[in-house]
Amino acid sequence: MIPDTKIIGRQQDARTVEGVVGAPAVAPDPEALSARLLRDYDAGAFFFASPRRTMLARGVFATVPDAGGSNSLDGLPERVAAVLNASREAAHDIPVAVGAVPFDGRVAAQLVVPMTIQRAGPLVFDGAAAARAPLAGPYTLRPVPEPSAYQDGVAAALKLMREGPLRKVVLSRSLHVDTAAPVDLRQLLHNLARRNPHGYTFAVDLPQRADAAPGAGRRTLIGASPELLVARSGLQVLANPLAGSAARSADPVEDHARATRLMASPKDLHEHAVVIDAVAEALRPFCRTLDVPKGPSLVSTQTMWHLSSRITGELMDPSITSLTLALAMHPTPAVCGHPTALAHAAIGNLEPFHRGYYTGTVGWCDANGDGQWAVTIRCAEADERTLRLFAGAGIVVGSTPEAELAETEAKFRTMLQAMGLGLEAQP
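The text that follows walks through the structure, step by step, so that each part is easy to find. Quick caveat: nothing in here was measured; it's all calculated off a predicted structure.

**Details of the packing of helix α2 (residues 76–89) against helix α7 (residues 322–329)**
Now for step 1: With their axes 9 Å apart at the nearest point, α2 and α7 run at an angle of 165° to one another. Relative to α7, the element α2 is oriented roughly antiparallel. Handedness of the α2/α7 crossing: right-handed. Between α2, through L76, P77 and V80, and α7, the contact on the second element is made entirely by L323, T324 and L327.
Now for step 2: Of the residues assigned to the contact of α2 with α7, the class counts are 5 nonpolar, 1 polar and no charged.

**Some words on unusual backbone geometry**
If a residue is not glycine, its phi is most likely negative; likewise, a peptide bond is most likely trans.
Now for step 1: Cis rather than trans, the peptide bond between V144 and P145 has omega equal to -5°.
Now for step 2: Relative to the assigned elements, P145 resides in the loop between β8 (139–144) and α3 (147–163).
Now for step 3: In this structure, P339 follows H338 across a cis peptide bond, with omega equal to -10°.
Now for step 4: Among the secondary structure elements, P339 is positioned in the loop between β19 (337–338) and α8 (340–350).
Now for step 5: One non-glycine residue with positive phi stands out, namely T359, at about 65°.
Now for step 6: Here T359 shows up in the loop between α8 and β20 (361–366).
Now for step 7: Take T359: its relative accessible area is 1%, and that puts it in the buried class.
Now for step 8: The residue R378 is not glycine, and still its phi comes out positive at about 50°.

**Quick look at the packing of aromatic side chains**
Now for step 1: Across all of its chains, the model carries 4 aromatic pairs by this definition.
Now for step 2: Ring centres of F46 and F48 lie 6.3 Å apart, and the angle between their planes is 10°; on these two criteria the pair is classed as stacked.
Now for step 3: Exposure remark for F48: the relative accessible area of 2% places this residue in the buried category.
Now for step 4: Ring geometry for Y358 and F390: centres 4.9 Å apart, planes at 10°, overall stacked. One end of the pair, Y358, is in the loop between α8 and β20; the other, F390, is in strand β23 (residues 386–395), with 32 residues separating them in the sequence.
Now for step 5: Y358 sits in the buried class, given a relative accessible area of 3%.
Now for step 6: Classification of F390 as buried rests on a relative accessible area of 3%.
Now for step 7: Following the ring pairs from residue to residue traces out a cluster consisting of F46, F48 and Y200.
Now for step 8: Sitting over the ring of Y150, R173 keeps its end group 5.8 Å from the ring centre.

Rules used in this analysis
- Residues numbered from 1 in each chain as written.
- Predicted model: local features only at pLDDT ≥ 70, side-chain atom pairs only at ≥ 80, totals over all residues.
- Heavy atoms only, no water.
- Axes fitted to C-alpha atoms, helices over the stretch in contact; angles between N-to-C directions.
- Helix = DSSP H or I, 4+ residues; strand = E, 2+ residues; numbered from the N terminus.
- Parallel < 35°, antiparallel > 145°, perpendicular 65-115°, else oblique.
- Left-handed = near helix turned anticlockwise from the far one by under 90°.
- Contact = heavy atoms within 4.5 Å.
- Nonpolar A, V, L, I, M, F, W, Y, C, P; charged D, E, K, R; others polar.
- Buried < 20%, exposed > 50% of the residue type's maximum accessible area, 1.4 Å probe, protein only.
- Phe/Tyr/Trp six-rings, centres within 6.5 Å; stacked < 30°, edge-to-face > 60°.
- Lys NZ or Arg CZ within 6 Å of the ring centre and 35° of its normal.

Dropping the structure here:
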């Protein structure tokens, strides 16, 4: 079983599908190596840590080109395969593409073949690098939209559901943090990994925004996602969608009560079922067998409880890559809604910003088609003195503006706590 998150309640059997690109890294002390990869991260590198593997890639040997049309995701797996094949023909011995795929095709995917790559086992902290605040004050916080405007958006989404066929839409918020001193990205990444050992911690170099000031520094996508979109190893496939959430509490009795209520919540169970049905429908055409749990389990992070289902399958065709599977599933109702086209239109009308890479996917795919892709949530886009945090909530019949606002506040805490700005879970 792949220990992506701590599982509480019903368990599902899963065959191990996580692996590394090529042969595992050889080191006298693999635990020390994984910690060193985290310490060696610098802005501009690619870092990806799952519960079983740690990866640090540097430099750019080749860049996956944009499609050149209106949708950057069109033909993306084929373009990745072509770049990987060309890299091998050029005697480059690292046939793997790493990076980030956006929420929709209006933004180009950021995928590269690195110059060098190091791999190790799961992150193990030896205490040498303690958690500390990666931001130096003063700083300012600016929500986009304002909380009251977000609640108005939720109310508008509920009105759409009452009047038409829309069944779910995920509405997100952004929180802009401006700092007087440069952000310590290495320390922020360390804090995220330390606080979320069962998740997917990542940092991806991004191109500068079109509206960036002249001379602006690097832009980095950084975060710690609890959710695996899909992993492939050989013919084995695993997806682990999360949908239905509740904030953790610092009071153990209340925390347990919230978990119990979540497992029994008709609203959250319905939201989860919509996502599971869509994920299974997307994977079924590619799979000889597909095992879909009858009901969800409960998983936790330091800030949230989630309903979780582990879907496993066996591919019919070994040429189907992990990226092909990821794009067939993307965007799931967990980050967009249902039906997808209606939810996407509602997001465009109700959210006052474009998501970019938030609620896309981040990870890697090798020339054999193996790879891992995590859902890009619990994250921020960072430049030298600004972080743009994101959080969203699934709106379905039974949702209330107040509850969905509170859920986004709780989800912000993953990043805020790693930045040294957030409070612990409230009673």
